[in-house]
Amino acid sequence: RKEVEQDPGPFNVPEGATVAFNCTYSNSASQSFFWYRQDCRKEPKLLMSVYSSGNEDGRFTAQLNRASQYISLLIRDSKLSDSATYLCVVNFGNTGTASKLTFGTGTRLQVTL
Amino acid sequence: DGGITQSPKYLFRKEGQNVTLSCEQNLNHDAMYWYRQDPGQGLRLIYYSQIVNDFQKGDIAEGYSVSREKKESFPLTVTSAQKNPTAFYLCASTRYNEQFFGPGTRLTVL
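Calculation rules
- Residues numbered from 1 in each chain as written.
- Chains lettered and ligands numbered in written order.
- Predicted model: local features only at pLDDT ≥ 70, side-chain atom pairs only at ≥ 80, totals over all residues.
- Heavy atoms only, no water.
- Disulfide = S-S within 2.5 Å.
- Helix = DSSP H or I, 4+ residues; strand = E, 2+ residues; numbered from the N terminus.
- Contact = heavy atoms within 4.5 Å.
- Buried area = accessible area lost by both parts, 1.4 Å probe.
- Salt bridge = Lys/Arg side-chain N within 4 Å of Asp/Glu carboxyl O.
- Nonpolar A, V, L, I, M, F, W, Y, C, P; charged D, E, K, R; others polar.
- 1 Å grid on protein atoms, 1.4 Å probe; cavity = no way out; pocket = protein on both sides within 12 Å on 5 of 7 lines; lining within 4 Å.
- Points joined across faces, edges and corners; volume = space filled by probe spheres on them.
- Buried < 20%, exposed > 50% of the residue type's maximum accessible area, 1.4 Å probe, protein only.

## Section: the state of the cysteines
All names here are of chain A. Applying the stated criterion to the full structure yields 2 disulfides over all chains. Cys23 shares a disulfide with Cys88; S-S distance 1.9 Å. Every disulfide takes its handedness from the sign of the S-S torsion; for Cys23 and Cys88 that torsion is -70°, giving left-handed. With Cys23 in strand β3 (residues 19–25) and Cys88 in strand β9 (residues 84–95), this residue pair connects regions lying 65 residues apart in the sequence.

Here is the structure:
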């Protein structure tokens, strides 16, 4: 079983739609969680951290369910510019100053007119 | 502007040659990392460094080497021992668990 699993997609949705991605992780001792966005042939960029209480940033909402070991990302009112691959990232623990992150393979979103 | 730079953006090398990828950061971050990304796979950790003159193997270190002589610099050498070196290589540094990435180097072995 992969340490971090995501549905690769693609999710094809019309502009204005609401879309949700889930991600499961295997290590119950995982400490911190993130969603990164990666555009085609570019580097990943942090979209948002995921907190136990859930958090929202504009049209984006992230949730964490520790009991079931999954995190989710909800995008409301999708824009064409949201088209990208969304990476689920889990920190299983720090080593000194280094945070060792484990990346999912990503879920590809394509928003269409 | 603070950030991470990687060079070159595209690199072609012949099979059997060593090649060094550059990574420089002016963010004053202690920890730096090298990942590779292959199509359909998540980022995989090659090496990481917590401080100057210290580095640790990641999950796929075989065929790679690094150095950390300065806080700002963390070059990666892809040696001829690396069986499948063609990939997208990403360098990153850390602040408070958040990793910042450079633009990447796309290496192709001919």
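## Side note on the interface of chain B and chain A
Contact residues are listed per partner, giving 23 residues for chain B and 22 residues for chain A. Roughly 1800 Å² is buried in total at the junction of chain B and chain A, and carbon and sulfur atoms are behind 52% of that figure. The largest per-residue losses of area from chain B upon contact with chain A belong to Gln50, Asn97 and Phe101 of chain B, which jointly make up 28% of the total buried on that side. Taken together, the connections running from chain B to chain A amount to 0 salt bridges. Every element with two or more residues in the side of chain B that touches chain A is listed here: β4 (32–37), β5 (44–49), β9 (87–95) and β10 (98–101) of chain B. Here the side of chain B that touches chain A is composed, by residue class, of 11 nonpolar, 9 polar and 3 charged.

## With respect to the layout of surface pockets
Computed from the structure, the largest pocket encloses a volume of approximately 590 Å³. Taken together, 27 residues make up the lining of the largest pocket; nearest its centre are Gln38 of chain A together with Gln37, Asp38, Pro39 and Gly40 of chain B. At the level of elements, β9 and β11 (107–112) of chain A together with β9 and β11 (105–109) of chain B are the ones that each hand at least two residues to the lining of the largest pocket. It is β11 of chain A that contributes the most residues to the lining of the largest pocket, 4 residues altogether. Of the voids in this model, the second largest pocket is the one considered here, and its volume is about 380 Å³.

## A closer look at the pattern of salt bridges
Residues and elements named next belong to chain B. Per the stated rule, a full pass over the model turns up 7 salt bridges over all chains. The residue Asp30 makes a salt bridge to Lys71 at a minimum N-O spacing of 3.4 Å. Of the two residues, Asp30 sits in the loop between β3 (19–25) and β4 while Lys71 sits in the loop between β7 (64–66) and β8 (76–78), which places them 41 residues apart along the sequence. Overall, Asp30 belongs to the partly exposed group, its relative accessible area being 34%. Taking relative accessible area as the criterion, Lys71 reaches 24% and is therefore assigned partly exposed. In this structure, the salt-bridge partner of Arg44 is Asp38, at a minimum N-O distance of 2.9 Å. Overall, Arg44 belongs to the partly exposed group, its relative accessible area being 29%. Since its relative accessible area comes to 11%, Asp38 is described here as buried. Three or more residues joined by partner-sharing salt bridges are found here, namely Arg36, Asp38 and Arg44.

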